[in-house]
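# Working through the structure, step by step
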Amino acid sequence: MTLLTPRNALVAGVLALLALVPVYATLTGNFFLLSLFTRIVILAIAAVSLNLIMGFGGMVSFGHAAYLGIGGYAIGILAKEGINSGFLQWPFALAASALFALIVGALSLRTRGVYFIMITLAFAQMVYYVAIGLDRYGGDDGMTIYKRSQFGDWINLSNKTAFYYLCLALLLVTIYLVWRIVNSRFGLVIQGARSNDRRMRAIGFATYRYKLTCFVIAGVLCGLAGALLANHTDFINPSIMHWTRSGDLIVMAVLGGMGTVFGPVLGALSLIALEEALPALIRAVTLPFLGGDSAARVAEYWQLALGPLFLLVVLYARGGIEGLVAGVRRG
Amino acid sequence: MPAAASRGWWRVYAVADVLLAVEGLSKRFGGVVASDGISFAIPQGELHAIIGPNGAGKTTLITQLAGELTPDLGEIRFGGRDVTALPTDRRSRLGLARSFQITSLFLDFTALDNVALAVQAHAGHSFHFWRAARKEQALREPARAALARVGLAARADTLVSRLSHGEHRQLELAMALATGPRMLLLDEPMAGMGPDESARMVALLRELKGELTILLIEHDMEAVFALADKITVLVYGRIIASGTPAEIRANADVRQAYLGEQEQGAGKASEAAHG
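The model shown is predicted, which means the values in this text are computed figures rather than measured ones. (Residues numbered from 1 in each chain as written. Chains lettered and ligands numbered in written order. Predicted model: local features only at pLDDT ≥ 70, side-chain atom pairs only at ≥ 80, totals over all residues.)

### With respect to the interface of chain A and chain B
Quick reminder of the rule: What counts as a contact is two residues whose backbone-derived C-beta atoms lie within 7 Å of each other. The way it works is that DSSP assigns letters per residue, a run of H or I at least four long becomes a helix, a run of E at least two long becomes a strand, and they are numbered from the N terminus. The classification used treats Ala, Val, Leu, Ile, Met, Phe, Trp, Tyr, Cys and Pro as nonpolar, Asp, Glu, Lys and Arg as charged, and all other residues, Gly among them, as polar.
Listed by partner, the interface residues are 21 residues for chain A and 28 residues for chain B. Among the elements that line the side of chain A that touches chain B, the one with the most residues is helix α7 (residues 185–202) of chain A, at 11 residues. Residue composition of the side of chain A that touches chain B, grouped by class: nine nonpolar, six polar and six charged.

### What to know about the environment of F87 of chain A
All names here are of chain A. Stated precisely, the cut-off is as follows: Put plainly, a residue is buried at 20 or more neighbouring C-beta atoms within 10 Å of its own, exposed at 12 or fewer, and partly exposed in between, counting only other residues' C-beta atoms, which are placed from the backbone.
Tracing the backbone shows F87 in helix α4 (residues 86–108). Residue F87 is classed as exposed on the basis of its C-beta count, with 12 C-beta atoms lying within 10 Å. As a C-alpha pair, F87 and G219 span 132 residues in sequence and 19 Å in three-dimensional space.

### Notes on the sheet that holds strand β5 (residues 81–82) of chain B
Residue and element names in this part refer to chain B. Note the following rule: In this description, strands pair whenever DSSP reports at least two bridges between them. Here, axes are lines fitted to C-alpha atoms. For helices the fit covers the stretch in contact, and angles between N-to-C directions go from 0 to 180 degrees.
Read from one edge to the other, the open sheet built from four strands follows the order β2-β1-β4-β5, with strand pairing classed as antiparallel. Where the open sheet ends on each side, the last strands, each with one partner, are β2 (32–43) and β5. Bridge count between strand β1 (residues 18–29) and β2: eight bridges; the pairing is antiparallel. Bridging across to β2, L25 finds its partner in I38. Helix α3 (residues 58–66) contacts β1, β2 and β4 (73–78) of the sheet and is inclined by roughly 60 degrees relative to β2.

### Focus: the nonpolar core
Worth spelling out the cut-off: The nonpolar core is taken to be a set of buried Ala, Val, Leu, Ile, Met, Phe, Trp, Tyr and Cys residues joined by way of C-beta atoms within 7 Å. Either an automatic procedure or a domain database provided the assignment from which the domain bounds are taken.
Grouped together as the largest cluster of nonpolar side chains are 171 residues, with contacts concentrated most on A44, A47, L50 and A225 of chain A together with V115, A174 and L185 of chain B. Summarising the domain contributions, this core has at least three residues from each of domain 1 (2–95 + 182–274) and domain 2 (106–180) of chain B.

### Quick notes on the confidence of the model for chain B
Low-pLDDT stretches of the model should not have their predicted coordinates read in fine detail. All names here are of chain B. The condition that has to hold: Each residue carries a pLDDT value, the predictor's own confidence for that position, ranging from 0 to 100.
Looking at chain B as a whole, the pLDDT averages 88, with 88% of positions reaching at least 70. Element-level pLDDT for chain B is lowest in helix α1 (residues 2–7), with a mean of 44, against a maximum mean of 97 in helix α5 (residues 111–121). The low-confidence segment residues 10–15 (pLDDT under 50) makes 14 contacts with residues lying over four places distant or belonging to another chain. Every residue in residues 263–275 scores below 50 in pLDDT, and together they form zero contacts with partners more than four places removed in sequence or on other chains. Confidence estimates for the predicted assembly give a pTM of 0.89 and an ipTM of 0.86.

Here you go:
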């Protein structure tokens, strides 16, 4: 096992890039970039958590964005009710996510395949509509969070650089945690259940309780991402839980590579970077031919270019971006 | 004790070290009766073979014994305990291990990983989230031993998807052995094997015979008659004969059941030839 493989070089490169973003932003004064990368890092946490159940556990949850919303609303609701202490807000966000995951998991894990996908989707839609109905908390429009979570003298989340580094540190902790989990006894049970659940039961595993535990862990990690996201945007509304958001998370995991712990980080990075870059790119390419107005209009259809890209990855690079570089899957 | 005998004859056997006792097992799928009042008892240490024509309900029987299917009627006792309502994983932890007729493995793991999982299943709960399981010698060593036992030691680090069919069959058995069972339920362990591989499997089963109680389903009659202490013949879900290999060989009903099957087979073959 050598340390200097293309894959490790890529991972190290990405981590270095992520670590240096605030430095670059401060030097150039480009705080849009810092905000963009804060978003990338937060959604990477969500994608890594989804990948724990989807990539390693074979549980394709189509409602994972619900935890972003539950984590976010936990912060927003407490803030609105005058509780600003992060020491109360964050555990509340995580506990709420855990409880929701426990309920959804307990029911959905009794089913398989398409039914599992549909039940997770249905629960997420349910929470989405509950949030729309919360008139006190902004209903459809959502609500502004006037004060970010307060952690006393520990850390000031309103400092954009400090907040970014907190998110990055939490992403690294999440990756390490998931990496330990998937290689532990527990992780092997989860992967065995993905591979052949029937055989797992035949050799003596009560797979249901392991899968349920895994489902709750992933929910809590994604709830953490939700709490971060609410603090990042200073705002929360139901659209964060829309089913297309869950789809985005799945795309991130698949795009980056489901077989590895780090893959979804690459997926989050590339998807959000493409979302930002593709319109500008299309405008630049078509400008000489079409002129300003038409080029801008064509650029609105940037998703037409994203679709085929995604298709190429699914068809020709089953291990995602990470798999392309590593040439090895799983682990 | 005539009273006890009339209430349930297996209760008498229970005194004589019966490990697995089945009484009145029935299972139907729609109009098809797959198990029709099956009763038998297997004493500790016996190798008990179940034979019968295709569609006799042999796999359905094993599936009920292993706990994946619940019988409509009847009772299964293992080690003196009623396990009829226990799920598969609980039965496995009690020491009832099965192998599958159609290979059922973790294809994206190595052979060693497959067997180590089987060891892990019987090494306490698996809510351990931190230590690298692939580095735990307490799991790897017994797994290596089980692989060596079936002759797969050299293939330990090969991905299962790259192993041959014969090796898959060996791995099936290694996984069942790795759970440290009291009894093996083997569903056609030699299915699809070449003559050399079959011979090796027979030798291995003969070796295991002294240590474990075995229920064997197998189409290879030569192997069955060479290995079995007792043979039960199943036709259309019903036991038509049970006895020592010599008794079964001499049994007229059994001959007819098998002859009938052969004639049907020949008829179908000639039909196909004409069509």
